[in-house]
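Structural overview for review
For reference, the chains in residue letters:
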Protein chains: 4
Amino acid sequence: MVVILKNNASETQIEDVKKHLEDYGFQIHESRGEVKTIIGAIGVKPGFDIRKIKILDGVSDVYRVTVPFKMASRNFKEGNTVIKIGNIEIGTDEIVLMAGPCAVESEDQIFRLAKVVAESGSKILRGGAFKPRSSPYSFQGMGEEGLKIMRAAADEYGLLVVTEVMQIHQIELIEKYTDIFQLGARNMQNFGLLKEIGNTSTPVMLKRGLAATIEEWLMSAEYILANGNSEVMLCERGIRTFETYTRNTFDLSAIPVIHEKSHLPVVADPSHATGYRTHVAPMARAAVAAGADSLMIEIHDKPEEAMSDGPQALLPKDYLTLVQELKVIAKAIGRNL
Amino acid sequence: MVVILKNNASETQIEDVKKHLEDYGFQIHESRGEVKTIIGAIGVKPGFDIRKIKILDGVSDVYRVTVPFKMASRNFKEGNTVIKIGNIEIGTDEIVLMAGPCAVESEDQIFRLAKVVAESGSKILRGGAFKPRSSPYSFQGMGEEGLKIMRAAADEYGLLVVTEVMQIHQIELIEKYTDIFQLGARNMQNFGLLKEIGNTSTPVMLKRGLAATIEEWLMSAEYILANGNSEVMLCERGIRTFETYTRNTFDLSAIPVIHEKSHLPVVADPSHATGYRTHVAPMARAAVAAGADSLMIEIHDKPEEAMSDGPQALLPKDYLTLVQELKVIAKAIGRNL
Amino acid sequence: MVVILKNNASETQIEDVKKHLEDYGFQIHESRGEVKTIIGAIGVKPGFDIRKIKILDGVSDVYRVTVPFKMASRNFKEGNTVIKIGNIEIGTDEIVLMAGPCAVESEDQIFRLAKVVAESGSKILRGGAFKPRSSPYSFQGMGEEGLKIMRAAADEYGLLVVTEVMQIHQIELIEKYTDIFQLGARNMQNFGLLKEIGNTSTPVMLKRGLAATIEEWLMSAEYILANGNSEVMLCERGIRTFETYTRNTFDLSAIPVIHEKSHLPVVADPSHATGYRTHVAPMARAAVAAGADSLMIEIHDKPEEAMSDGPQALLPKDYLTLVQELKVIAKAIGRNL
Amino acid sequence: MVVILKNNASETQIEDVKKHLEDYGFQIHESRGEVKTIIGAIGVKPGFDIRKIKILDGVSDVYRVTVPFKMASRNFKEGNTVIKIGNIEIGTDEIVLMAGPCAVESEDQIFRLAKVVAESGSKILRGGAFKPRSSPYSFQGMGEEGLKIMRAAADEYGLLVVTEVMQIHQIELIEKYTDIFQLGARNMQNFGLLKEIGNTSTPVMLKRGLAATIEEWLMSAEYILANGNSEVMLCERGIRTFETYTRNTFDLSAIPVIHEKSHLPVVADPSHATGYRTHVAPMARAAVAAGADSLMIEIHDKPEEAMSDGPQALLPKDYLTLVQELKVIAKAIGRNL
């Protein structure tokens, strides 16, 4: 932490600031210029609220010197985290595709779509059995029945399963059916849930919150890592801005930023980011070009009958075409898919 | 719902759109101009995803005609909701003050501060026993022990208690100690929690999410109302914007907007909105002038030792002064405090 | 400036960073902890791009120690800037009201409204003769004819005039008719215009840009001050956020923040901030309570015929009522109006 | 326009709304449901402020039926606009690269960099002679001298020139030296400048404002088109959000959205969008994959000495490598570069 004193800070104020810093356990280095005094406070105190120093008399500004996350940081670990599930690896040169409907709606539907996912060469089947819906009057998901048929469909077609867990008490149930827990955008700062997920050994895909900075997102990953689960991947799915022609604003620059700051793999979800089918393919291509380690894409063969988010689902034939295009782009940047 | 067809929409496309609308259960009114065809789709379907129509061939645009919330809407109910707890009423001309520390830290601390709250004439003691912290390394709250001592302090000084519930499994425990459940900003779209809180009969203060529109906020209130709990108040606590000189941006215009759209009372929290002690008093004054029905303000007598958010806490003497100022402003706009 | 070296920065890298800093003219103070090395670079270089240091090898982070504005800063000047125009002062305990239509539309209109402004006891007549409109097909203002009749109306009723200047070549013309230049939100970073306005001695009201941070806003004020014009007031008029129920988000916390960081007076414009007549009065009250030195409010007696922004204009009778309410609130916080 | 009446709107109110609409010149179609009355108001009135109807008694909501831009709209014109300058075309399958320093700093510098641009196969040299700087104390550009040497460097290497025009009075001067006018983000709503640029026949690259919606951006293009200049390309350069790890948030989804709504070509500027050299290459790759018709990239061979934005400039060798990667991605999506 670096503490900048006000130009007119008195000797007493400076001493008081130093005493506080020492009481909090920091080592102190003082630099006096002609106008400015700067105090370097050395010592890693994750979670320390720097405003505690900022409000002391005589203090002008305070800056953290270290990032607030530790285990999620690139410094913490040599090389990239690679998440292995069965014979699939996420975080290598091989880009992994996840696809499926927004919500599991029926046995027939999920088997039809699992078939498409397998045909395309994608490895992971997505689908929600418990759905976070902004309206209490909307379809809320099939629950355990949905989990069962999705597992069956995935097994039939040799796929892995990723599905959302929304509440602590659902963890045990969902763990029986899924290979990857999805933590949704609205739960990114549900700290109790993060801790409990951290106590499991099931891989987790942590979606970025609508208004979460990359730093807060990595702090939420830290919750899971700090509780013992190191199988965390991050999923960019669009943030909230003033723009209304798209559902959210797809922050693709988060991909290279995460790769610089952290060792964790990054998934990109162009379906939620754009909200409209016609924009999904160009944004999926862009995500691969930007360096995503995995893509999650919604598909549906009868989008106008979908119980949730049909308008952003690709048709199976369009998905199959897209996968071919993604393969070429992956190759162009030295990766496989 | 109003459906605008494209200028060049074919007769077949128009008929197909009408068929879809009828299948979804809407009544249809068609207007044909020289260039534009407009279809009015009458029928209230809360939660209907209008993108389902927007993606049909020949459709240019679709607008909802009704707000998506129903029970939270001003149309739903004559007059304002008044929440009665003991001899306190929230939602009348009398402005109610809630104050206390961010977190319950010790018996001594909470008793000292409860005394200040009572002395100021404020009616409700706030304090967190379970704390949502962005860092896993920060103080996470005293838990049940904190609830117990806060209840004791409130009882000692004739105050009500408001405290945060973060998880479904905490409801039963916290209900024993609190008069009002606080639902935090990060849980505004924790729909499972909203439903369970809706099943209780304890009044709820629902904080606005950092990136929540007023409409989404009212939809979250709708979850609680639709499950049977009509004692809901809304709390504006700042939204996330690009500005960094304040912790959040205090959206005070939300107060008159809510009063226009809904019958529910509005609380304003200038402490979280600004994040710095020096800005709390002017923003508290502004909130009263803007029409807030209640204010929630953080106080601490040793803010530099506070375990959470000390920098935004007012000192007791400053709080006492502020309350006197608020009384005068309340009177100036024809209310009491 | 404070430079934080990476944990593993080599001696050569540290020396190279120091050399760069010295070449840029900074004095250096070095602090070495066990893990971290911190370099304090002393010397005020307004406008220095700190990213120049941030990209050097071995550097982890860089922070500015001083704010980038100088003459706009509270440190620069004892006491508050008070702008005197005729017998009016802006920046004292007396709150000054500016009111009038969005656009000057006719002689009759502006005289009718100037009469209302005078009757209310307000001192300054607002009105646009050159209008920034987002559509090329919208009314663009009456031009010089509009300036003439506004000046005549103001003189008739003993009022001052504030009107917008949009282009450098308009300065000379508008200066003949106005007492205060308004610099609009869309021109807040029109640096050429700021400089030329800085070369005049006419007082300026600088509106905050839709996406401008408070720091950028003060930097734009700095352009005017640095060119010799010290009569600058700042006008908060709402920023752009994701919220759609209001036209903009009125950032009232900017008022106490500006008062803390700068000596310049602050005007608040609740009309543009909210965009709807019904929200103007509560937000005007809140702005006074938050500490605004002046308010700018749009009024119109035939808002449905207004050529621009009629929907946000108060009716004369509502304005007269509002002024009475504002007087009481001003008094409640120890000011006059 | 579609007008939704309130459920309890009286017959008199409905008639009054209809009269207003007719007075404004609209044709009327009325639909009465059991609960809702909807009035379709047919007639294109670009620039009509729908709030004029929204504030009438009995009105619940009003929606525009047509987009507010006309000549910029995809409906206005068959096929894509292709801008031809010399033997270069922008808006075809061939992706055009623009590169160069942020600011022209010296003859030597611009000749060295023009050589790199030519070697890479890029066609257009960028560089600012008049610089918009947020600080009055920063380097403001070389002015006409800069224009001269940039023109000379471009001619020497067979390149076109793009450079920024900030003020109306600079148009005539800059037109002598440039092939394309750049309109900067801060001038996107400088309507007077847009009009004057519209009166020239020089192609224009219109950058998106920091807080501009895609709709507002297209409205600004409309200003230029409506004044007679049809050679407009749009440049996405990042928007302002709450994220701080990047300078701006690169809204790549704007590319497919613009291609859907408009016939104008889209340029992408990953340098300003990200602000840091390390993120430029992945974002440039993503922009090509997302469908950009052209890219503008900042390069510098001595970035630590650059007078402006050095930290976001690519080194020549990195630029040459990037161009090769972009060629492969362009080919992967069926385009050339």
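Our structure is the block above this text.
Structural notes, computed from the coordinates.

Rules used throughout
- Residues numbered from 1 in each chain as written.
- Chains lettered and ligands numbered in written order.
- Predicted model: local features only at pLDDT ≥ 70, side-chain atom pairs only at ≥ 80, totals over all residues.
- Heavy atoms only, no water.
- Axes fitted to C-alpha atoms, helices over the stretch in contact; angles between N-to-C directions.
- Helix = DSSP H or I, 4+ residues; strand = E, 2+ residues; numbered from the N terminus.
- Parallel < 35°, antiparallel > 145°, perpendicular 65-115°, else oblique.
- Left-handed = near helix turned anticlockwise from the far one by under 90°.
- Contact = heavy atoms within 4.5 Å.
- Nonpolar A, V, L, I, M, F, W, Y, C, P; charged D, E, K, R; others polar.
- Pairing = 2+ DSSP bridges.
- Least-squares fit on C-alpha atoms with pLDDT ≥ 70 in both.
- Salt bridge = Lys/Arg side-chain N within 4 Å of Asp/Glu carboxyl O.
- Buried < 20%, exposed > 50% of the residue type's maximum accessible area, 1.4 Å probe, protein only.
- Disulfide = S-S within 2.5 Å.
- Buried area = accessible area lost by both parts, 1.4 Å probe.
- Polar contact = N/O pair within 3.5 Å; in protein donor to acceptor, adjacent residues only side chain to side chain.

A few words on the packing of helix H8 (residues 254–261) of chain B against helix H10 (residues 277–290) of chain C. Between H8 of chain B and H10 of chain C, the shortest axis-to-axis distance is 9 Å and the interhelical angle comes to 135 degrees. Classified by the interaxial angle, the pair formed by H8 of chain B and H10 of chain C is oblique. In this structure, H8 of chain B meets H10 of chain C at a crossing whose hand is right-handed. Of the residues in H10 of chain C, those in contact with Pro256, Val257 and Glu260 of chain B of H8 of chain B are Thr278, His279, Pro282 and Met283 of chain C. The residue inventory of the contact of H8 of chain B with H10 of chain C, partitioned by class, reads 4 nonpolar, 2 polar and 1 charged.

What follows deals with the sheet that holds strand E10 (residues 180–183) of chain C. Residue and element names in this part refer to chain C. Reading around the barrel, the 8 strands line up as E7-E8-E9-E10-E11-E12-E13-E14 and close back on themselves, with parallel pairing between neighbours. The average undirected angle you get between the axes of adjacent strands in this sheet is 25 degrees. Taken together, the 3 bridges between strand E8 (residues 124–126) and strand E9 (residues 160–164) define a ladder with parallel strand orientation. Directly across from isoleucine 124, in E9, lies its bridge partner leucine 160. Against the sheet, helix H7 (residues 214–226) contacts E10, strand E11 (204–207) and strand E12 (232–236), and its axis sits at roughly 155 degrees relative to E12. Seen against the sheet, H10 touches strand E13 (266–268) and strand E14 (294–298) and runs at an angle of roughly 170 degrees to E14.

What follows covers the relation of the copies chain B and chain A. At an RMSD of 0.0 Å, chain B and chain A line up after a rotation of 180 degrees and a shift of 0.0 Å along the axis. Taken together, the rotation and translation describe the operation of a two-fold axis. Taking C-alpha positions as reference, the residue of chain B nearest the rotation axis is alanine 211 of chain B, located at 2.8 Å. Mapped onto chain A, 100% of the interface residues of chain B again fall at the interface, so both copies present the same surface.

Let's shift gears to the pattern of salt bridges. Per the stated rule, a full pass over the model turns up 78 salt bridges over all chains. Notably, a salt bridge pairs arginine 240 of chain D with glutamate 216 of chain C, separated by 2.5 Å at the nearest N-O pair. Of this pair, arginine 240 of chain D sits in the loop between strand E12 (232–236) and helix H8 (254–261) while glutamate 216 of chain C sits in helix H7, which puts the two residues in different chains. Look at arginine 240 of chain D and you get buried, because its relative accessible area is 16%. Since its relative accessible area comes to 16%, glutamate 216 of chain C is described here as buried. Between aspartate 269 of chain D and lysine 207 of chain D there is a salt bridge whose closest N-O contact spans 2.7 Å.

The subject of this paragraph is the state of the cysteines. Inspection of every chain in the model, using the stated rule, returns 0 disulfides over all chains. For the unlinked cysteine cysteine 102 of chain A, the closest cysteine sulfur is that of cysteine 235 of chain A, found at 13 Å.

Below, the discussion takes up the interface of chain D and chain B. Facing 19 residues of chain D, the contacting portion of chain B comprises 19 residues. Contact between chain D and chain B buries roughly 1700 Å² in total, counting both sides, with carbon and sulfur atoms accounting for 69%. By the criterion of area lost to chain B, the three top residues of chain D are Ile42, Tyr63 and Val65 of chain D, representing 26% of everything that side buries. Summed over the shared surface of chain D and chain B, the result is 0 salt bridges. Inspection of the chain D/chain B interface yields 0 residue pairs in polar contact (both at pLDDT 80 or more).

By the element assignment, alanine 284 of chain D lies in helix H10 (residues 277–290). For the pair alanine 284 of chain D and glutamate 325 of chain D, spaced 41 residues apart in the sequence, the C-alpha separation amounts to 9.7 Å.

Note that all results are geometric; they support no functional claim without further evidence.
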